[in-house]
Amino acid sequence: MARQPGQSLLRFLPTPSPPFTTPFFSTDIMHQDRELLSQVAIVLVRPKFAENVGSTARVAYNMGINRIILVRDELPERENMAKMATHKAAHLLDSMEVYPTLEEALEPFAVIVGTTARLGKKRTIERTPREVVEHVIADLPYNQMAIMFGPEDTGLTNDELKYCNYTSSIPTADFSSLNLAQAVAIHCYELYYNIVHAPNAFEPKPQYASSFELEGMYKHVEEALLRIDFLKEKSHTYWMNNIRQFLGRVRLSSKDANIIRGICRQFLWYQGKTKKE
């Protein structure tokens, strides 16, 4: 049943119980929409042109998204960014976060969408932006989401896409050549439209483990598998990518990730103890 104009989302939300927090929604519909959109960040990985960063800020602000993150060694030229952002979105450039590595940039996010125009056997299943949005809407009440875009000339690498829960590919005709700001605009519009103009009833999904928690877990899993020679030099990356995809489909909570880390730590400790004896 779809939410009607002026009708509160609260009627569609279950009564919260631990460990979830009380929903942040008020009876103000516009406030509820803003709160969902505030869970979303646009992450630009090594953008080459300052103008594209400015255009991204302009697009994001038009669609109610106020958080831009750069993965880059330094900030692009501000004047060139501001020229494309226009004065109304220029404040997003002042609050923009900059990180030297992608792993650091993604730490607080539990839902990560990677955009790509390329297909590959080693990648997760690609969906259209619309299909991705339909999957992630119910995640937003309790989870922060990052939509990630790669460099203009190469896009995201397989190593960068390993962090993603979903990959999104924009369907085009035979000529597939969208610039960075256009790709951002399509994804932001689909999200904005589904939240503000075509909301449907949904039951919020639980809080998932953040990227920071998952990456710590994967490091322990990798270390334990290396210790027993399960991961070989030639197939190391292949198996770790498959393990990531498998556990990613399970959608672990923070507690789940900590349990797996604890098992791996205990295993490594016990094996080390056995060797000494």
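Remember, it's a predicted structure, so these values are computed and weren't measured experimentally. (Residues numbered from 1 in each chain as written. Predicted model: local features only at pLDDT ≥ 70, side-chain atom pairs only at ≥ 80, totals over all residues. Heavy atoms only, no water.)

### Examining the overall build of the chain
Within the chain, the secondary structure is distributed over 10 helices and seven strands. A burial count over the chain gives 45% of its 277 residues as buried. Contacts spanning at least 24 positions in sequence make up 81% of the contacts within the chain whose residues lie at least 6 apart. When the accessible surface of the chain is totalled, it reaches about 15,200 Å², and 54% of it is carbon and sulfur. (Helix = DSSP H or I, 4+ residues; strand = E, 2+ residues; numbered from the N terminus. Buried < 20%, exposed > 50% of the residue type's maximum accessible area, 1.4 Å probe, protein only. Contact = heavy atoms within 4.5 Å. Areas by Shrake-Rupley, 256 points an atom, 1.4 Å probe, with all protein chains shown as cover.)

### Some thoughts on the nonpolar core
Ranked by size, the top nonpolar core spans 41 residues in total, and within it Ile-42, Met-145 and Leu-191 carry the most contacts. Sort the elements by how many residues they give to this core and helix H7 (residues 180–197) lands first, with seven residues. Excluding residues within four positions of it along the chain, Leu-191 makes contact with Leu-37, Val-40, Ile-65, Val-133, Ile-137, Leu-140, Met-145 and Ile-147. In this structure, Ile-69, Ala-105, Leu-106 and Ile-112 belong to the second largest nonpolar core, which totals 16 residues. (Core = buried A, V, L, I, M, F, W, Y, C linked by side-chain atoms within 4.5 Å.)

### Brief notes about the packing of aromatic side chains
The final tally for this structure, using the stated rule, is three aromatic pairs. Summarising the aromatic geometry, the rings of Tyr-238 and Trp-239 are spaced 5.3 Å apart at their centres and angled 80° between planes, so their arrangement reads as edge-to-face. Classification of Tyr-238 by relative accessible area gives partly exposed; the value is 47%. An aromatic cluster of at least three residues, connected via ring pairs, comprises Phe-230, Tyr-238 and Trp-239. A cation over an aromatic ring shows up here: Arg-244 above the ring of Tyr-163, its NZ or CZ 5.8 Å from the ring centre. The cationic tip of Arg-251 hangs over the ring face of Tyr-208; the distance from NZ or CZ to the ring centre is 4.0 Å. (Phe/Tyr/Trp six-rings, centres within 6.5 Å; stacked < 30°, edge-to-face > 60°. Lys NZ or Arg CZ within 6 Å of the ring centre and 35° of its normal.)

### Things to note about the environment of Ala-89
Counting through the fold element by element, Ala-89 comes out in helix H3 (residues 78–94). When its relative accessible area of 2% is taken as the criterion, Ala-89 is described as buried. Each C-alpha atom, one on Ala-89 and one on Val-59, is 8.7 Å from the other, the two residues being 30 residues apart in sequence. When near neighbours in sequence (up to four residues on either side) are disregarded, Ala-89 contacts Ala-57, Arg-58 and Tyr-61.

### A look at the confidence of the model for the chain
The pLDDT averaged across the chain works out to 86; a share of 84% of its residues lies at or above 70. This stretch, residues 1–27, has a pLDDT under 50; its non-local contacts, to residues over four places away or in other chains, come to 61 contacts. (pLDDT = per-residue confidence, 0-100.)

### With respect to H3
Residues three or four positions apart in an α-helix share a direction because the helix packs 3.6 residues into each turn. A rise of 1.5 Å per residue sets the reference length of H3, with its 17 residues, at 24 Å; its end C-alpha atoms lie only 9 Å apart and thus fall more than 12% short of the reference. The largest bend in H3 amounts to roughly 125° and is located at Thr-86. All buried positions along H3 are accounted for by Met-81, Ala-85, Ala-89, Ala-90, Leu-92 and Leu-93. Of the surrounding elements, those touching the buried residues of H3 are helix H2 (50–62) and strand E2 (68–71). (Expected span 1.5 Å × (residues − 1). Bend = angle between axes of the 7 residues up to and from the residue.)

### Here we look at the sheet that holds strand E7 (residues 166–168)
The sheet built from seven strands is open, its strands ordered E3-E2-E1-E6-E4-E7-E5 with parallel pairing. At either margin of the open sheet sits one strand with a lone partner, and together these are strand E3 (97–99) and strand E5 (126–127). In this sheet, strand E6 (residues 145–149) lies alongside strand E1 (residues 40–45) in parallel orientation, the contact comprising five bridges. In the sheet register, Val-40 faces E6, and the bridge partner there is Met-145. (Pairing = 2+ DSSP bridges.)

### Description of the packing of helix H8 (residues 211–227) against helix H9 (residues 236–250)
Interaxial distance between H8 and H9 falls to 11 Å at its minimum, and their mutual angle equals 135°. One way to sum up the angle between H8 and H9 is to call them oblique. Note that H8 runs across H9; the crossing there is right-handed. Counted together, Glu-215, Met-217, Tyr-218, Val-221, Glu-222, Leu-225 and Leu-226 of H8 and His-236, Met-240, Ile-243, Arg-244, Leu-247 and Gly-248 of H9 form the full contact between these two elements. Classifying every residue of the contact of H8 with H9 gives eight nonpolar, two polar and three charged. (Axes fitted to C-alpha atoms, helices over the stretch in contact; angles between N-to-C directions. Parallel < 35°, antiparallel > 145°, perpendicular 65-115°, else oblique. Left-handed = near helix turned anticlockwise from the far one by under 90°. Nonpolar A, V, L, I, M, F, W, Y, C, P; charged D, E, K, R; others polar.)

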